[in-house]
Structure formats: structure tokens, C-alpha cells
Amino acid sequence: MIDRRTAIAATIGAALLAGRSEAQTAPPAVIGKSVPPALPEPEETIDLWPNGAPGMPTPPPVEIVTERSTDNGVNDRAAVGISRPRMVVFRPRVANGAAILIMPGGGYARVVVDKEGYELGRWLAARGFTAFVLFYRLPGDGWAAGPHVALSDAQRAMRLIRSRARDFAISPERVAAMGFSAGGHVCSDLVARFDAKTYAAVDKADTLSARPLVAALVYPVVSMRAPLAHAGSRDLLIGKTASSALEDAHSPNLHVQQNSPPSFIVAAEDDDTVPVENSLLMRAALKAAKVPVETHLFTHGGHGFGLRRVIGKPAEIWPELFLNWAATQGFA
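Residues numbered from 1 in each chain as written. Predicted model: local features only at pLDDT ≥ 70, side-chain atom pairs only at ≥ 80, totals over all residues. Heavy atoms only, no water.

Caption draft 1: Main features of the overall build of the protein. Counting secondary structure elements, the protein contains 9 helices and 11 strands. Against the compact-globule benchmark of 20 Å for 332 residues, the protein has a radius of gyration of 19 Å, which places it among compact chains. Considering only C-alpha atoms, the protein reaches an extent of 70 × 45 × 45 Å along its principal axes. Across the 332 residues that make up the protein, the buried fraction comes to 54%. Considering only contacts in the protein between residues 6 or more positions apart, those separated by 24 or more positions represent 80%. Within the protein, the 32 negative side-chain charges are centred at a point lying 5 Å from the centre of the 34 positive side-chain charges. (Helix = DSSP H or I, 4+ residues; strand = E, 2+ residues; numbered from the N terminus. Rg over C-alpha atoms; globule rule 2.2 N^0.38 Å. Buried < 20%, exposed > 50% of the residue type's maximum accessible area, 1.4 Å probe, protein only. Contact = heavy atoms within 4.5 Å. Lys, Arg positive; Asp, Glu negative; His and termini not counted. Charge placed at Lys NZ, Arg CZ, Asp CG, Glu CD.)

This is how it looks when you write it as C-alpha cells:
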């Protein structure tokens, strides 16, 4: 005989195990790494596509993860050749009912693992949010979807999170998105074109909305037009000889809708990689569409600061500013 409390605990435990058993592909790992993991590694993943990602190139990309750090106290990994796009999950000890999809940067040449992925996942999970770090396909790898491929993965990820809301004790309405640099372009594209048909539906999850409740664009790549475009991201996304029409098709600021989600934008004025004018263009587009937007431009921070590179600087407060603002939008 078992009492009611024990039965409930067993049911919850079984549900959690069922959710975890759906993981298919391990989180990215470094072969022959010289720097060991500085913090416990996540183990739970969710593959985006049950029958493999659509439009696989021939030969398929080969995933390689490199460790760029020489400091045993911190990791700085980068993944290339993403062939099985997936989410790595950070569950909070006590879920607050809200979730966030994180899209790291990497100039569309790679996906940054730690600085703009796992570190934010741990930070958010420690505050009650269920965080999903997205390893999206890279457009330069030859996928059939071309420049739409990363947006397809982001749309699919949003829908999958909502379809599994009960597994994670989250509200399907309270799902946000956050993107950094080129991942900020993916996120900006999601803000502007969340309802664009970029892939054929594969299951019931695809009947759900891909629109985030709110979005955070962190030093985002936005424009594909010179001179503001980040050259590396532009070349890999649409090609060096892209027409002006193709540039415009993949500049999210030109496609913001009146029902685009409220957005939070943060960047540094001294960013010498992605001009801060990218953030201003997106802000202006959101304002013109009468979409709520919160913007913070810091004097110092450069590019790619994430959490670690603004410690002790005024920009260190940006994640708290985001959560405070998101609370006014019904998220946090």
C-alpha cells in the first residue's frame, strides 16, 4: 500500500523520465578536448525533426565541436556542421511556468555553445525558467532550405516546446525567444516572420504557433544591406553576390508585422563587429508597427559580451533588465 503523496510523487517522476527519454542526440561534445567542463554538463536534449532534418545536403555536414578556451575555469566551445538540429534543455529546480528558447551566435559559421548558450541556460534555470538552447542548422552547409534553414529550426523549436508544455510544467503561452549576434538575426527573423511557411508540417506540433510571447535581441545582426550588414553573416546566409531583393528578403526590420511580439533590444555603442545601427533599425521597425519595444544601449561592452564579458560593467545588468521588462509583458 502507498499513500496519496507517494503516488503523486511517483507519477510526477514518471512524467519527468518520460520527457527525458525523448532525447535522441547527445549535447555537443569535444573530442580530444584539452579543457574539461568547468560546470556540470546538461544531459537532456530534444531533436527537432523526428525523421531527420529536411533537405539534407549530400554529403551531410559533419558535426565538430572545438574548445577555444585555454582556461580550466571556463569553457568556450563552438559547434560546426550541425546535422541533427536539437535543443539542449536546462530544467529549473522549481519551474515558474515560463520557458525561453536561446539562439546563440557564431556568424552563421558556427553555433557558440557556452558564452551565448549554456551560461544563459544555467542563469535562467536558476531563476525558475525552463531554458532550451538551440543548435540550429547553418545556411552555408548546403541545406535545401537555403537562407530559411535557421528560421525553420527556430519555428519548429517554438512549436515543439509548446507541444510538450506539460512535460516541462510550463504554460504554452509563456514561451519567449532570445538570440545573440547571428542568433539575434534568427531571433529577429522569428519576430518578423514567425508565421512564414518555411517547411512542410511533419506532425501535430506544427499546428501550433511559433510566435514568441516576447523576444530579446542581444547585439543582433539585422540588416543584410551594406554598410551595416555583418559581412560574414551576410555572405554565409545569402551569398556574396546576393541581389538587393535577396538582401531585403532577409533583413528582418523590413518584415516586422503589427502582431510581431514585444521585443527587448540590448547592444553596446562600441560594438565594432555588428554596428549598433542594426539594433536601431529593428527598434524603428517595431516602433513603426506599434509593437512594444524596450531598448538599452550601453557605452561599453563591445560585441559578444553575453554574461561573462560585462562583469563589473554597467552592461552587466542587462539580463535583469530583460526579466523586469518581460514581467510587464506577462512573461516573467
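Read on for the rest.
Caption draft 2: Quick peek at unusual backbone geometry. Backbone torsion omega between Thr-58 and Pro-59 reads -5°, so that peptide bond is classified as cis. The step from Ala-226 to Pro-227 runs through a cis peptide bond, and the omega angle for that step is 5°. Of note, Pro-227 is situated in the loop between strand S9 (215–218) and helix H6 (231–238). Even without a glycine there, the phi angle at Ala-169 is positive, about 55°. With a phi angle near 35°, Tyr-219 is a residue other than glycine that sits in the positive phi range. What makes Tyr-219 buried here is its relative accessible area of 1%.

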